[in-house]
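# Structural description and commentary
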Amino acid sequence: MPRGFRVHIEATSRAEFDRVYDALSADAREVAMPPGETFWAERFAMFTDGHGTPWMLSYMGAKAHRGAG
């Protein structure tokens, strides 16, 4: 994968976020940002899995609707 690129998954629920994070980060090489709240998402994480694939995982929740309309 080219340097600077990450795979991004946007979860549709908190439970899905947790399930996907647990599965993909189980053998993580690096956790750049552990799961937590940000100003744009209820949950966000960045990590590199055991195969060297960098990931961004987010769950927007109610924050997805801020500023809409």
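Before any of the text, the structure's been laid out above.
Summary of the structure given here. Since this is a predicted model, take the numbers as computed values, not measurements.

### Some words on the nonpolar core
Counting nine residues, the largest nonpolar core consists of A11, F17, V20, Y21, A45, F47, W55, L57 and Y59. Contributing elements (two or more residues each) for this core: α1 (14-24), β3 (43-48) and β4 (54-59). Excluding its chain neighbours within four sequence positions, the residues that come into contact with Y59 are A11, T12, S13, R14, F17, A41, E42 and R43.

### So, the packing of aromatic side chains
This structure, assessed with the given rule, holds four aromatic pairs. Judged by centre distance (4.9 Å) and plane angle (85°), the rings of F39 and W40 are edge-to-face. Measuring from centroid to centroid gives 5.2 Å for W40 and F44, while their planes differ by 70°, and the two rings are edge-to-face. Accessibility expressed as a relative area gives 6% for F44, which makes it buried. Members of the aromatic cluster, joined through ring pairs, are F17, Y21 and F47.

### Some details on the pairing of strand β2 (residues 30-36)
In terms of strand pairing, β2 meets β3 through four bridges, oriented antiparallel. Bridge pairing links G36 to F44 in β3. The antiparallel hairpin formed by β2 and β3 contains six residues in its connecting segment.

### Notes on α1
Every buried residue belonging to α1 is among F17, V20 and Y21, and all of these are buried. All buried residues of α1 project into a common sector of 100° when viewed along the axis, lining one side. Pointing more than 90 degrees away from the buried face of α1 are the exposed residues A15, R19, D22 and A23. Residues of α1 that are buried in the fold lie against β1 (7-11), β2, β3 and β4.

Cut-offs used in this document
- Residues numbered from 1 in each chain as written.
- Predicted model: local features only at pLDDT ≥ 70, side-chain atom pairs only at ≥ 80, totals over all residues.
- Heavy atoms only, no water.
- Core = buried A, V, L, I, M, F, W, Y, C linked by side-chain atoms within 4.5 Å.
- Buried < 20%, exposed > 50% of the residue type's maximum accessible area, 1.4 Å probe, protein only.
- Helix = DSSP H or I, 4+ residues; strand = E, 2+ residues; numbered from the N terminus.
- Contact = heavy atoms within 4.5 Å.
- Phe/Tyr/Trp six-rings, centres within 6.5 Å; stacked < 30°, edge-to-face > 60°.
- Pairing = 2+ DSSP bridges.
- Arc of directions from axis to C-beta.

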